[in-house]
Amino acid sequence: CGRSGGEGGLERGRHLLQLGWTDATRVLDPLFVEWVEADSVPSFELPEPYRCSDRTDWTLQFPPPLEQGALRCPDYGRGGVNDGYCLYDEGFAHSASQWMMAKDACPRACGMCCSLYCASTDLAPDSECLTTCSAASDDQYTAYLMHLAINEPDPPFNFTKVLERYKLHVAGANDTEHSLSHALFEPVPFLGGEFLETKNVSMLVPTAGALVRYTTDGSTPTPTHGTLGNFVTITRTTILRAIAYHIEDSASTASHSVAVDVRIRVKSPEVTVIECVTAEGNVVYSEDRQYSGETCESALVRVSSVQEGRGGMLLRYVIGSDTAPGPSNPQGQGSVTATVVQSGVVRAVAWVPGSVASEVASSPFITISATLASAFLRAGNAWQGTVGLWNFTSAASSGTYERARVTDGGCNEQRATLISPSQIADVAQVFGNAELRGPACKGGQWDLEPGQSPTLETFVDDSSADGDASRSGLRFDSLNRGVVVRDDIAPLRDIGVLPQSELSVEVWMSVATPGYVPLAGMVGCRLDGSDASGFRYGKGWSLSYSSDDNRDTTTFILTLALLRNEVRVGIGGLRDFTARIRPRIPTDRLSQVVGTYDGREVAIYLNGEERARAPACDSPEAHGGCGDILYPLDGDSFYTKNRPTKFTIGVLDTVEEGTVAAHTGLIRLVRIMRRALTPAQVLASSQRLAVNFYKTPCEPGLFGAYEGLVPCVPCLPGTIAPERNMEACEPCAKGFYAAEAGSVECLRCVDGSDTVGVGETACTDDECLLGVDDCHAQAACANTGAGPGSFSCTCGVGLAGTGRACAAVCGDGIVLNGEECDDGNAVVGDGCHLCVLEPGFACNV
């Protein structure tokens, strides 16, 4: 056989092949890696099986009768007994139970590391990779950088530049340009996880000459399916799958498919205050001048999120809510502007289908003033346009009312007036606080020393402290003849916050006396003026009642002055709308009374039940409604005698002579809104007493028809309540669905499916139902299964064709699609031939 090893070794390997061994092997699995910056020269060593190292379990065993013992990898190194025979000898790797050529088992001893890195067995001297690698064969980092610079089709870094700077670094260069300004990189095994915006992933191939195909759409890659390459930039959440295979070695088998989970999280949006509206003018912010706590009447906040290469992200924000927004039902894309009219923080989240939603971003705390101008904005953004909300409890009381002693006009008070506390807060911060002032000329109990005369605490009954709110509220009697919210509503009228096109008035009250009550006011801002040519001036509105003990009735009266009911231009005209209740309302507990005007009709409710409904004017449908509510104007002084229009609670103080109609009993809560409540909202509000008027917000998945508060109801399938305190559920947008009741988010349809519309409970891939088929307009579409193109098209009656193209059938007796006639035969001379009229004939249809 000649010298030991050499051709003889190759022959011995061939003999073993004849005994049944085969070299058809599976290509080694690709390895996912990411490249990280190294602060210094990296101690580079690839994980197995990628590192260039010799196997310790490989031997070349000479069979008997040859006397030579087993050869190992060191014997193939320079100067070894088998130096030069790496390409010919074949041995056995015992731990792998696999026959291997010496060049593959002993790449370092055989000098084959460069071939491994350069993904080639071609040792041609003009190979740039091999030449560079051979010059520094012991430096694996240099060799692999060269491999990437040559073989990566779209590398994440310019590895040629990295290599140049690394060589200078190794050579001792210490100038900033070459050694310190460019980071070095080394590969680290990539195990997946969650990453911000994008993630670069490389796939290393241990088998020389092998290729990689990968997928990001959920499918399994094969040698003929998937993207060819060993680098990918992931921009959306996916499972990255990859295989390695050898295109030139037909005897090899592709590697296993390996996978890694990559979750991409969207960058948090920018939440920026861009404008502050003040009485002096608007303050516009920029990068050079940012919001720093200024007090605004209102503010504009921009929420924006744009990702390079992917465009605008979907956005959702909340204002002043303690519930963070979730990635469902976007309010905008890329950029959206929010108007802030109450002090608080704007919170926002960004997302895009196929990615993890961003972390919540917040604006700075924005301070909003309580001026009339800001009140106008609050009224437009409050629930149902709430402009006044007074809760008559001790906890809501504050303030002091003072005035000097009156000693003229027949009045001789002994002391100045000091009432503290005197005010009930207006939660809406629009109309203003309700103030107890006492009589215009006081005497008796009112004219005592401070501390002995009445205050709000004298009249507030907090029976709700024992858990029963049905007997709580502010007591009105012979001492307390009403409270004043506004001495003149003109400033509110001028800025447009008074209810005009619609109105809702809600009052929780009880009547103390079981006797006869001719008229008693609960709440109103109305003025009755002088007669003029037989017409009496009257503008504004009020909610009042009367009681008749003989007939056992209570009559509630909503009085309105409407444009369509004006008796004469300029003087208005009040009209009463009534609901007669029998038996009369109880005296020992609170009742809820609601009056609404929606532009066409007036409705009156008692404890959530509608008790009266009527047109607000004659023929509202013919006139397009009944018009706005009329309020006294500055030019009405001839009729008003310059008397201002007050806003009062617990009393009607409306007539020119100054007489009043006072309420006797309790008032627990008053709410005024600029929009008409629906019956469902009124019903929900009537149940507030059962929870002691506590403002308990509904949890996500539930909604409360009354301001998003308890009582709460689950959202119907197809709708969601993603936040707390929602008064209505949002329908899922097209392409999203909610299958269950009480859902908090809409789920996105998977690729290839969609919803028919909004508010859907499921997705479908039925192209017929979705209207995305390509059937002819006069063909019927029928779904035939799952997946794209699973439908059939059938031409309609009188038509023939593939269903995607349909044409009229001449001779079937049906005139369609441009046929002048069709008499069902081919007879010439009967007036119709080949579906065309013959001369001298007409076809009357």
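Placed above this text is the structure.
These notes cover the structure that comes with them. (Residues numbered from 1 in each chain as written. Predicted model: local features only at pLDDT ≥ 70, side-chain atom pairs only at ≥ 80, totals over all residues. Heavy atoms only, no water.)

1. So, the overall build of the chain
Next up, step 1: Check the secondary structure of the chain and you find 13 helices and 57 strands.
Next up, step 2: When each of the 845 residues of the chain is scored for burial, the buried share is 46%.
Next up, step 3: For the chain, the share of sequence-separated contacts (at least 6 apart) that also reach a separation of at least 24 residues comes to 60%.
Next up, step 4: Working note: accessible area of the chain is about 39900 Å², and carbon and sulfur atoms make up 50% of it. (Helix = DSSP H or I, 4+ residues; strand = E, 2+ residues; numbered from the N terminus. Buried < 20%, exposed > 50% of the residue type's maximum accessible area, 1.4 Å probe, protein only. Contact = heavy atoms within 4.5 Å. Areas by Shrake-Rupley, 256 points an atom, 1.4 Å probe, with all protein chains shown as cover.)

2. What about the environment of Val815?
Next up, step 1: Mapped onto the secondary structure, Val815 falls in the loop between strand 55 (806-808) and strand 56 (832-833).
Next up, step 2: Taking the C-alpha atoms as reference points, Val815 and Cys835, separated by 20 residues in sequence, lie 8.2 Å from one another.
Next up, step 3: If we skip the residues at most four places from it in the chain, Val815 touches Cys821 and Asp822.

3. Observations concerning the state of the cysteines
Next up, step 1: Taken as a whole and assessed by the stated rule, the structure comprises 14 disulfides.
Next up, step 2: Covalent S-S linkage joins Cys276 and Cys296, the inter-sulfur distance amounting to 2.0 Å. Around the S-S axis, the bridge from Cys276 to Cys296 shows a dihedral of about -120 degrees and counts as left-handed. With Cys276 in strand 13 (residues 270-278) and Cys296 in strand 15 (residues 295-296), this residue pair connects regions lying 20 residues apart in the sequence. Each member of the pair, Cys276 as well as Cys296, is classed as buried. (Disulfide = S-S within 2.5 Å.)

4. With respect to unusual backbone geometry
Next up, step 1: Cis geometry is found at the peptide bond from Arg582 to Pro583, where omega equals 0 degrees.
Next up, step 2: By the element assignment, Pro583 lies in the loop between strand 38 (574-581) and strand 39 (591-597).
Next up, step 3: Here the phi dihedral of Asp552 falls at roughly 55 degrees; this positive angle occurs in a residue that is not glycine.
Next up, step 4: Within the secondary structure layout, Asp552 lies in the loop between strand 36 (535-548) and strand 37 (553-561).
Next up, step 5: Looking at Asp552, the relative accessible area reads 32%, which means it is partly exposed.

5. Details of the nonpolar core
Next up, step 1: By size, the foremost hydrophobic cluster in this structure holds 63 residues, and its most contacted members are Trp390, Phe431, Trp541, Phe647, Ile649 and Ile672.
Next up, step 2: Beyond its immediate sequence surroundings of up to four residues, Trp541 is in contact with Leu503, Val505, Val523, Gly524, Cys525, Arg526, Thr559, Leu560, Ile629, Tyr631, Phe647 and Ile672. (Core = buried A, V, L, I, M, F, W, Y, C linked by side-chain atoms within 4.5 Å.)

6. With respect to the packing of aromatic side chains
Next up, step 1: As enumerated under the stated definition, the model contains 14 aromatic pairs in all.
Next up, step 2: Here the aromatic rings of Tyr85 and Tyr88 are separated by 6.3 Å at their centres, their planes lie at 65 degrees, and the arrangement is edge-to-face.
Next up, step 3: For Tyr85, a relative accessible area of 11% corresponds to the buried category.
Next up, step 4: A relative accessible area of 38% places Tyr88 in the partly exposed class.
Next up, step 5: Summarising the aromatic geometry, the rings of Trp508 and Phe693 are spaced 5.1 Å apart at their centres and angled 90 degrees between planes, so their arrangement reads as edge-to-face. Of this pair, Trp508 sits in strand 34 (residues 503-511) while Phe693 is found in the loop between helix 12 (679-686) and strand 46 (702-703), placing the two residues 185 residues apart along the sequence. Comparing Trp508 with Phe693, the two get one shared label, buried.
Next up, step 6: A network of ring pairs unites the aromatic residues Trp390, Phe431, Trp541 and Phe647 as a single cluster.
Next up, step 7: Directly above the aromatic system of Phe638 lies the positively charged group of Lys641, at a separation of 5.5 Å from the ring centroid. (Phe/Tyr/Trp six-rings, centres within 6.5 Å; stacked < 30°, edge-to-face > 60°. Lys NZ or Arg CZ within 6 Å of the ring centre and 35° of its normal.)

7. A look at the sheet that holds strand 6 (residues 193-196)
Pairing between sheet strands relies on hydrogen bonds along the backbone, with the strands arranged either parallel or antiparallel.
Next up, step 1: Strand order in the open sheet formed by 5 strands is 6-12-11-8-9, and the pairing between neighbours is mixed. Both edges of this open sheet fall to strand 6 and strand 9 (227-228), since each of them pairs with a single strand only. (Pairing = 2+ DSSP bridges.)

8. Overview of the sheet that holds strand 21 (residues 335-340)
Next up, step 1: If you trace the 4 strands from one edge of the open sheet to the other, you get 14-13-16-21, paired in antiparallel fashion. Looking at the sheet topology across the chains shown, the edges are occupied by strand 14 (281-284) and strand 21. For this sheet the average axis-to-axis angle between neighbouring strands, irrespective of direction, equals 20 degrees. (Axes fitted to C-alpha atoms, helices over the stretch in contact; angles between N-to-C directions.)

9. As for the pairing of strand 40 (residues 601-606)
Next up, step 1: The buried fraction of strand 40 is high, at 5 of 6 residues.
Next up, step 2: In terms of strand pairing, strand 39 meets strand 40 through 5 bridges, oriented antiparallel. Of the residues in strand 40, the one forming a bridge with Val593 is Leu606.
Next up, step 3: Taking the residues between adjacent antiparallel strands as the criterion, strand 40 and strand 41 (residues 609-615) are bridged by 2 residues, where Asn607 takes a positive phi near 50 degrees.

10. Section: helix 12
Next up, step 1: Buried within helix 12 are the following residues: Gln681, Val682, Ala684, Ser685 and Ser686.
Next up, step 2: On the buried face of helix 12, the contacting elements are strand 34, strand 39 and strand 40.

11. A word on the pattern of salt bridges
Next up, step 1: Inspection of the entire model under this criterion finds 29 salt bridges.
Next up, step 2: In this structure, the salt-bridge partner of Arg316 is Glu723, at a minimum N-O distance of 3.2 Å. Of this pair, Arg316 sits in strand 19 (residues 314-319) while Glu723 sits in the loop between strand 48 (719-720) and strand 49 (730-731), and the two are 407 residues apart along the sequence. Pair check on accessibility: Arg316 and Glu723 agree, each one buried.
Next up, step 3: As a salt-bridge pair, Glu730 and Arg316 come within 2.4 Å of each other at their nearest N and O atoms. Residue Glu730 is located in strand 49, and its partner Arg316 is located in strand 19; the two are separated by 414 residues in the primary sequence.
Next up, step 4: It is possible to trace a salt-bridge network through shared partners that takes in Arg316, Glu723 and Glu730. (Salt bridge = Lys/Arg side-chain N within 4 Å of Asp/Glu carboxyl O.)

12. Here we look at the environment of Lys734
Next up, step 1: Mapped onto the secondary structure, Lys734 falls in the loop between strand 49 and strand 50 (736-737).
Next up, step 2: The contact partners of Lys734, leaving out residues within four places of it in the chain, are Asp754, Thr755, Val756, Gly757 and Val758.
Next up, step 3: Of the polar contacts made by the side chain of Lys734, one reaches the side chain of Asp754; its length is 2.9 Å.
Next up, step 4: A polar atom in the side chain of Lys734 sits 3.0 Å from the backbone oxygen of Thr755. (Polar contact = N/O pair within 3.5 Å; in protein donor to acceptor, adjacent residues only side chain to side chain.)

13. Quick notes on the pairing of strand 25 (residues 386-391)
Next up, step 1: For strand 25, the buried fraction is high: 5 of the 6 residues fall into the buried class.
Next up, step 2: Sheet topology note: the strand 25/strand 45 (residues 665-673) ladder contains 5 bridges and is antiparallel. Along strand 45, the bridge assignment pairs Thr386 with Met673.

14. Here we look at the side chain of Ser255
Next up, step 1: Within the secondary structure, Ser255 is located in the loop between strand 11 (238-245) and strand 12 (258-265).
Next up, step 2: Excluding anything up to four places from it in sequence, Ser255 contacts Arg26, Val27, Leu28, Asp29, Pro30, Ile243 and Ala244.

15. Some details on the environment of Ala782
Next up, step 1: Assignment of secondary structure puts Ala782 in strand 52 (residues 779-783).
Next up, step 2: Considered as a pair, Ala782 and Leu769 are 13 residues apart in the sequence and their alpha carbons are 8.8 Å apart.
Next up, step 3: Not counting residues within four places of it along the chain, the set of residues in contact with Ala782 comprises Cys768, Ser790, Phe791 and Ser792.

Taken by themselves, the reported measurements are silent on function.
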